[in-house]
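A look at the structure
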Amino acid sequence: MLVIGELINGMFKNVRKAIKEKDKSIIQEIARKQVAAGAQMLDVNVGPAAADEVAAMQWLVESIQEAVNVPLSIDSAKPPVIEAGLKSCQRKALINSTTGEQAKLDALIGLAKKYGAALLGLCMDEKGIPNSVAARTEIGMKILAAAMEAGLPTDDVHLDPVVLPVKFGQDQIGSMLQTIKELKILSDPAPKIVVGLSNVSQGCLNRPLVNRIALVMGIANGLDEAILDPLDTQLMDAMITADLLLNKFIYCDSYLDAYRKAL
């Protein structure tokens, strides 16, 4: 299970303050803590923290890479901001994200090829997020097919079935799980399946618990990756235990410690 740390995002007050004040020590501390907790990739999102998002993204990427040596997920809705991040990346990056909207898909596949990056595609398009599993899967297939036609390896395609807050759409978790299953059989080898986990608990009182259960259910249905808070120890323990029960590594009584030491 690939853990993508979500905490370097301009939506958070401490990150927004660090970006505005160009205080890289705050960013670097967050990066180190996430990696120490088990994140194997870090999501980088300027959010609303800067008027010049291009410059802010470049500064964030450079600051993070001074502190940790893990791949980065360059997260923005704006291609120029994504490109600024990709230009500064020292390791292979993940573009987060495209949708099935043709113009955006073409632009971001072009950036993925130019910079040798992987591509995350959301199963939605200019019409929004479909209600049906079939429609989400169709968009996923469109993204995958376009990427493959452009020469991107299947291993470089990450598809997100799109998880919505359970508080506002309780039945959508079942749809998300079924979409994961459908996306996994689109090709051989299958594309990577990823979710932005924290979205599921938006507005809930028991957010950590909702996130934990949703993650375990996702893993049991074929989820490969999640953008999440790696500092939530109970969430990480649930993920490790789910992988253990699915026979992804050898059992020992101290398997939690053993898993973390192997990272």
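See the structure printed just above.
This report concerns the structure included in the present document. Just so we're clear, the structure is a prediction, and the values are computed from it rather than from any experiment.

**Focus on the overall build of the chain**
- Helices and strands together make up the secondary structure of the chain, namely 10 helices and eight strands.
- Compactness check: the chain gives a C-alpha radius of gyration of 18 Å against a globular reference of 18 Å for 263 residues, within 12% of the reference.
- Taking the principal axes of the C-alpha coordinates as reference, the chain spans close to 45 × 45 × 35 Å.
- In the chain, which comprises 263 residues, the proportion classed as buried is 54%.
- Once local pairs closer than 6 in sequence are excluded, the contacts in the chain between residues at least 24 apart make up 65%.
- Per element, the accessible surface of the chain, about 12,000 Å² overall, is 54% carbon and sulfur.
- Of the side chains in the chain, 27 bear a positive and 31 a negative charge, and the two mean positions are spaced by 4 Å.

**Observations concerning the side chain of Asp 160**
- Checked against the element boundaries, Asp 160 lands in strand β6 (residues 157-160).
- Side-chain polar atoms of Asp 160 contact the backbone nitrogen of Val 162, separated by 2.7 Å.
- Those residues within four positions of Asp 160 in sequence are excluded, and the remaining contacts are Leu 120, Gly 121, Leu 122, Cys 123, Val 194, Val 195 and Gly 196.

**Topic: the pattern of salt bridges**
- Following the criterion strictly, the structure yields 10 salt bridges and no others.
- Of the charged contacts in the structure, one is a salt bridge between Lys 78 and Glu 53, with a shortest N-O distance of 2.7 Å. With Lys 78 in the loop between β3 (72-75) and α4 (79-88) and Glu 53 in helix α3 (residues 53-67), this residue pair connects regions lying 25 residues apart in the sequence.
- Overall, Lys 78 belongs to the partly exposed group, its relative accessible area being 42%.
- The exposure class assigned to Glu 53 is buried, which follows from its relative accessible area of 19%.
- Between Lys 192 and Asp 155 there is a salt bridge, with the nearest N and O atoms lying 3.7 Å from each other. Here Lys 192 is found in strand β7 (residues 192-196), whereas its partner Asp 155 is found in the loop between α6 (133-149) and β6, with 37 residues between them in sequence.

**Considerations on the nonpolar core**
- Ranked by internal contacts, the top residues of the largest apolar core, which has 85 residues, are Ile 8, Leu 42, Ile 64, Ile 74, Ile 95, Leu 215 and Met 239.
- For this core, the leading source of residues is α3, giving seven residues.
- In contact with Met 239, not counting residues within four places along its chain, are Met 1, Val 3, Leu 215, Ile 219 and Tyr 259.

**Structural notes on the packing of α4 against helix α5 (residues 102-115)**
- Running from amino to carboxyl end, α4 crosses α5 at an angle of 10°, the nearest separation of the two axes being 11 Å. When the interaxial angle is binned, α4 and α5 end up roughly parallel. From α4, Pro 79, Ile 82, Glu 83, Leu 86 and Lys 87 reach across to α5, where they touch Leu 108, Leu 111, Lys 114 and Tyr 115.
- The class makeup of the residues in the contact of α4 with α5 is six nonpolar, no polar and three charged.

**Let's talk about unusual backbone geometry**
- Residue Ser 97 is reached from Asn 96 by a cis peptide bond, and omega for that bond is 15°.
- Along the chain, the position of Ser 97 falls in strand β4 (residues 94-98).
- Asp 188 connects to Pro 189 through a cis peptide bond whose omega is 5°.
- Tracing the chain through its elements places Pro 189 in the loop between α7 (172-184) and β7.
- Positive phi, close to 75°, is recorded for Val 162, a residue that is not glycine.

**Topic: a nonpolar patch on the surface**
- On the surface, a cluster of nonpolar side chains totalling about 250 Å² of accessible area is made up of Leu 209, Ile 213 and Met 217.
- One can find Met 217 in helix α8 (residues 207-220).
- When its relative accessible area of 34% is taken as the criterion, Met 217 is described as partly exposed.

How each quantity is defined
Residues numbered from 1 in each chain as written. Predicted model: local features only at pLDDT ≥ 70, side-chain atom pairs only at ≥ 80, totals over all residues. Heavy atoms only, no water. Helix = DSSP H or I, 4+ residues; strand = E, 2+ residues; numbered from the N terminus. Rg over C-alpha atoms; globule rule 2.2 N^0.38 Å. Buried < 20%, exposed > 50% of the residue type's maximum accessible area, 1.4 Å probe, protein only. Contact = heavy atoms within 4.5 Å. Areas by Shrake-Rupley, 256 points an atom, 1.4 Å probe, with all protein chains shown as cover. Lys, Arg positive; Asp, Glu negative; His and termini not counted. Charge placed at Lys NZ, Arg CZ, Asp CG, Glu CD. Polar contact = N/O pair within 3.5 Å; in protein donor to acceptor, adjacent residues only side chain to side chain. Salt bridge = Lys/Arg side-chain N within 4 Å of Asp/Glu carboxyl O. Core = buried A, V, L, I, M, F, W, Y, C linked by side-chain atoms within 4.5 Å. Axes fitted to C-alpha atoms, helices over the stretch in contact; angles between N-to-C directions. Parallel < 35°, antiparallel > 145°, perpendicular 65-115°, else oblique. Nonpolar A, V, L, I, M, F, W, Y, C, P; charged D, E, K, R; others polar. Patch = residues over 30% accessible without salt bridge, like charges linked within 9 Å, V, L, I, M, F, W, Y side chains within 5 Å.

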